[in-house]
Amino acid sequence: MSVPVRNPAPPKSTAPPLETGSSRSRFDLRPIYEPLIFLSATTVAYFVMPPNMQYVLGIAVIYALLATSLGVLFGWTGIYTFGHAAFFGIGAYATALLKEQAWGPLAFLGISAVVAVIAAMLIGLIGQRLAKVEFAMLTMIVGQIAYLLTFRVPALQGDNGIYGIPRGDVFGIDITPPASFWWYSIIVVAIVMGVLRRIHLSAFGESLNAIRDDAVKAAAIGIPVKSLRLAAFGLAGGVAGLAGGLFAQQGSIVTPSTLSFAFSGQIIIMALLGGMMGFWGPALGAILFQFINALVFGNSPHGTLVLGIILLAVVMLFPSGVLGALARLRDLLMRTRSKR
Amino acid sequence: MTLLSTLISGVAYGVPLFLVASGLTLIYGVIGVLNFAHGSFFVVGALLATTIIGSTVPTVPTFIIAVLAGAAVVAALGMLTETTVVRHLYRRDHITMLLATFAILLIVEGAAEGIWGNSSRAINKPEILSGSTQILGTTVPLYDILLVIVGAVVAIGLFLLINKSTFGRSVRAIAQDQVMGEAVGLNTKRVMLLVFGLGSALAGLAGALIAPNVSVSPSLGHAFILQSFAIVIIGGLGSVTGSLVAALLVGVSEAFAVAYATYLTGFTFYILVAIILLVRPRGLLGSAKLGRA
């Protein structure tokens, strides 16, 4: 994971690593109103949509959370991973394996997140000495091991997957009906997005950006690069695991495909499509991707081909995704207006 | 199963992995691109071979044609990829390149599904190659011996090409310092194109060679590309010799697992990767530069 950091950070740096900007963000309301906008926009959309599109959106908001967790690594910290589906799958299987227990859906989400955090920290520790590309390959390999394990461990039921995962009730409200489940999942997603947004704006988030921009310089100004990278990996893994738990409750079935290499690739495409540079880019990309998937080529036999063409076009023409393209368009408009 | 036959089948298992991984590591060493599409190139080689061999009664000439056609078509595919996509992204970062080649993987795989369909297909070897022979009292399949010979020929050929030929000298120069190579009058663009073609040809060759031993489908590439990526990493990025050592290590350990520890089958490889990465994060021969390995 670590790029050659020749001078490791001095051990005592308990104070917030970066002072600038953190004072402004302390009273920042963005972590509150942005998730609220997200929640209301998707909810309005949900209730005006036909049922089959409601189903698509229900999955899309879960993927939005998953793509954002990948953004923590790719966009915030500059850690490349090709096995992110593993954490999503680990979370989903954690919830699935506990289906007999009556602890309530929120407890399952917590457990899913914790299990995924532990898995992510383990991989982060193993990969600490690896350079960027090697680490990306390690995550790919680990992801494949997790995928293969679903076929080897009898309790995980191989190809059939685990089904019959109950939704249960939250604070006495039954979340089995689709509309109730929508409220449950969108509130969970919005809260976690808000927490992530807060972290993104915090000194920790800014330190991650510094590591992404230049790890050697970041270490030189006293940022504990290795441990913060590990923390970012744990955070991303945990959020992905939570999204996985939610996904298991949503569909009430978990199959090995949630861990597959192809799905890891799809998560990257989602995040890239929206744009990695902004906080909301990956989430936007995930929702767009889900709808493109459902409307354009979901049932087409050429799905893989179209997916590849979309990705190639994004990478070559719009490397900063939809958000980046929008920003460029806005700049262009501003410039023409100021010329007048 | 005796020790010797296990060893030979392990080496034979390792040869296709070596072919795929050496192409991958060659491209990485010279151009600095980890080519995800390599796995799909491998599949195209295998599918082409099944079509050519499967359309007639398998004989030695059709087999040779199939293998050569697999290598040639895939080389063309690789060169097309280099000119249309990879060349335009040299100045961008590693991740852009990984994602672009990942897109090509999806495109080639999708196109292969369109052409060949999703079902898996199996073909027979030419009769003369499907038998087995006795070596030191143990039975060894002839096809395994063929694979071992092909692996040896390719390994020696690559070594000579990189270390002894004029082309190899320019390849090594560009791997060391591309700008300097250009300054002393090398046609870097052409050399890089040829390296991409050569690397891809190795993938196509591996695909065609493995076709009679497995059931071939467009998704065959996934498992294989993962294994060859791992071999490139544990061998050390950019080291052809490293990929040979790593591929043989993986092949032999897998064969021993099949023979003596069945519950480890399919996992020895991952365990090996974990151990080697923990002990040597830069891979077995990671410090060695291309050509000097």
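Cut-off values and rules
- Residues numbered from 1 in each chain as written.
- Chains lettered and ligands numbered in written order.
- Predicted model: local features only at pLDDT ≥ 70, side-chain atom pairs only at ≥ 80, totals over all residues.
- Heavy atoms only, no water.
- Helix = DSSP H or I, 4+ residues; strand = E, 2+ residues; numbered from the N terminus.
- Rg over C-alpha atoms; globule rule 2.2 N^0.38 Å.
- Buried < 20%, exposed > 50% of the residue type's maximum accessible area, 1.4 Å probe, protein only.
- Areas by Shrake-Rupley, 256 points an atom, 1.4 Å probe, with all protein chains shown as cover.
- Salt bridge = Lys/Arg side-chain N within 4 Å of Asp/Glu carboxyl O.
- Contact = heavy atoms within 4.5 Å.
- Buried area = accessible area lost by both parts, 1.4 Å probe.
- Polar contact = N/O pair within 3.5 Å; in protein donor to acceptor, adjacent residues only side chain to side chain.
- Nonpolar A, V, L, I, M, F, W, Y, C, P; charged D, E, K, R; others polar.
- Patch = residues over 30% accessible without salt bridge, like charges linked within 9 Å, V, L, I, M, F, W, Y side chains within 5 Å.
- Axes fitted to C-alpha atoms, helices over the stretch in contact; angles between N-to-C directions.
- Parallel < 35°, antiparallel > 145°, perpendicular 65-115°, else oblique.
- Left-handed = near helix turned anticlockwise from the far one by under 90°.
- UniProt positions renumbered as here; feature names shortened; annotations may be inferred.
- Expected span 1.5 Å × (residues − 1).
- Pairing = 2+ DSSP bridges.
- Bend = angle between axes of the 7 residues up to and from the residue.

### Observations concerning the overall build of chain A
- A tally of helices and strands in chain A yields 14 helices and four strands.
- Radius of gyration (C-alpha) of chain A: 20 Å, near the 20 Å computed for a compact globule of 340 residues.
- Taking the principal axes of the C-alpha coordinates as reference, chain A spans close to 55 × 50 × 45 Å.
- Looking at chain A as a whole, 55% of its 340 residues are labelled buried.
- Looking at chain A as shown, the accessible area adds up to about 14900 Å², and 68% of this sits on carbon and sulfur atoms.

### A look at the pattern of salt bridges
- Under the counting rule described, the total for this entry stands at five salt bridges over all chains.
- For lysine 217 of chain A, the salt bridge is made with aspartate 214 of chain A, and the minimal N-O distance between the two is 3.8 Å.

### A look at the interface of chain A and chain B
- Listed per partner, the contact involves 36 residues of chain A and 41 residues of chain B.
- When the two sides are added together, the surface that chain A and chain B hide from each other amounts to roughly 3500 Å², 81% of it contributed by carbon and sulfur.
- The largest contributions to the chain A side of the interface with chain B come from Glu134, Ile141 and Phe261 of chain A, which together make up 16% of the buried area.
- Here chain A and chain B share zero salt bridges between them.
- Summed over the shared surface of chain A and chain B, the result is zero residue pairs in polar contact (both at pLDDT 80 or more).
- For the side of chain A that touches chain B, the elements supplying multiple residues, two or more each, are α6 (132–152), α11 (261–274) and α13 (303–317) of chain A.
- Broken down by class, the residue content of the side of chain A that touches chain B amounts to 28 nonpolar, five polar and three charged.

### A few points about a nonpolar patch on the surface
All names here are of chain A.
- Together, Leu29, Ile32, Tyr33, Leu36 and Ile37 make up a nonpolar patch on the protein surface, roughly 520 Å² of accessible area in all.
- Looking at the secondary structure, you find tyrosine 33 in helix α2 (residues 30–48).
- Look at tyrosine 33 and you get partly exposed, because its relative accessible area is 42%.

### Thoughts on the packing of α2 of chain A against helix α7 (residues 178–201) of chain A
Residues and elements named next belong to chain A.
- Contact pair α2 / α7: the axes reach a minimum separation of 8 Å and the direction vectors enclose 155°. As the angle between them shows, α2 and α7 are arranged roughly antiparallel. Of the two elements, α2 crosses α7, and the hand of that crossing is right-handed.
- Counted by class, the contact of α2 with α7 contains 16 nonpolar, three polar and four charged residues.

### With respect to the UniProt feature "transmembrane region" (unreviewed entry) in chain B
Residue and element names in this part refer to chain B.
- The UniProt feature table records "transmembrane region" (unreviewed entry) at residues 12–34, 41–57, 63–83, 95–116, 142–162, 191–211, 223–250 and 257–279.
- Between the C-alpha atoms that bound residues 63–83 the distance is 30 Å, and the span itself is 100% helix and 0% strand.
- With 95% helix and 0% strand, residues 191–211 has end C-alpha atoms that lie 30 Å from one another.

### Examining helix α2 (residues 38–54) of chain B
- For α2 of chain B, spanning 17 residues, the distance from its first C-alpha to its last is 24 Å, which sits close to the expected 24 Å at 1.5 Å a residue.
- Of all 17 residues making up α2 of chain B, 14 are buried, and the element is well covered by its neighbours.

### Regarding the packing of helix α5 (residues 105–126) of chain A against helix α10 (residues 225–251) of chain A
All names here are of chain A.
- Contact pair α5 / α10: the axes reach a minimum separation of 7 Å and the direction vectors enclose 145°. As α5 runs across α10, the sense of the crossing is right-handed. Listed contacts from α10 to Pro105, Phe108, Leu109, Ser112, Ala113, Ala116, Val117, Ala120, Met121, Ile123, Gly124 and Leu125 of α5 are Leu230, Phe233, Gly234, Gly237, Gly238, Gly241, Leu242, Gly245, Leu246 and Gln249.

### Quick word on the pairing of strand β1 (residues 132–135) of chain B
All names here are of chain B.
- The sheet contact formed by β1 and strand β2 (residues 138–141) spans four bridges and is antiparallel. Within the sheet, the bridge partner assigned to serine 132 lies in β2 and is proline 141.
- Connecting β1 to the next strand, β2, in antiparallel fashion are two residues, including leucine 136 with a positive phi near 50°.

### So, helix α3 (residues 51–77) of chain A
Residue and element names in this part refer to chain A.
- An ideal rise of 1.5 Å per residue puts 39 Å on 27 residues; α3 measures up with 38 Å between its terminal C-alpha atoms.
- Its axis deflected by about 40° at glycine 71, α3 carries its strongest bend there.
- Here α3 lies mainly inside the structure; 24 of its 27 residues are buried.
- Among the residues trailing α3, glycine 78 stands out with phi positive, at a value near 75°.

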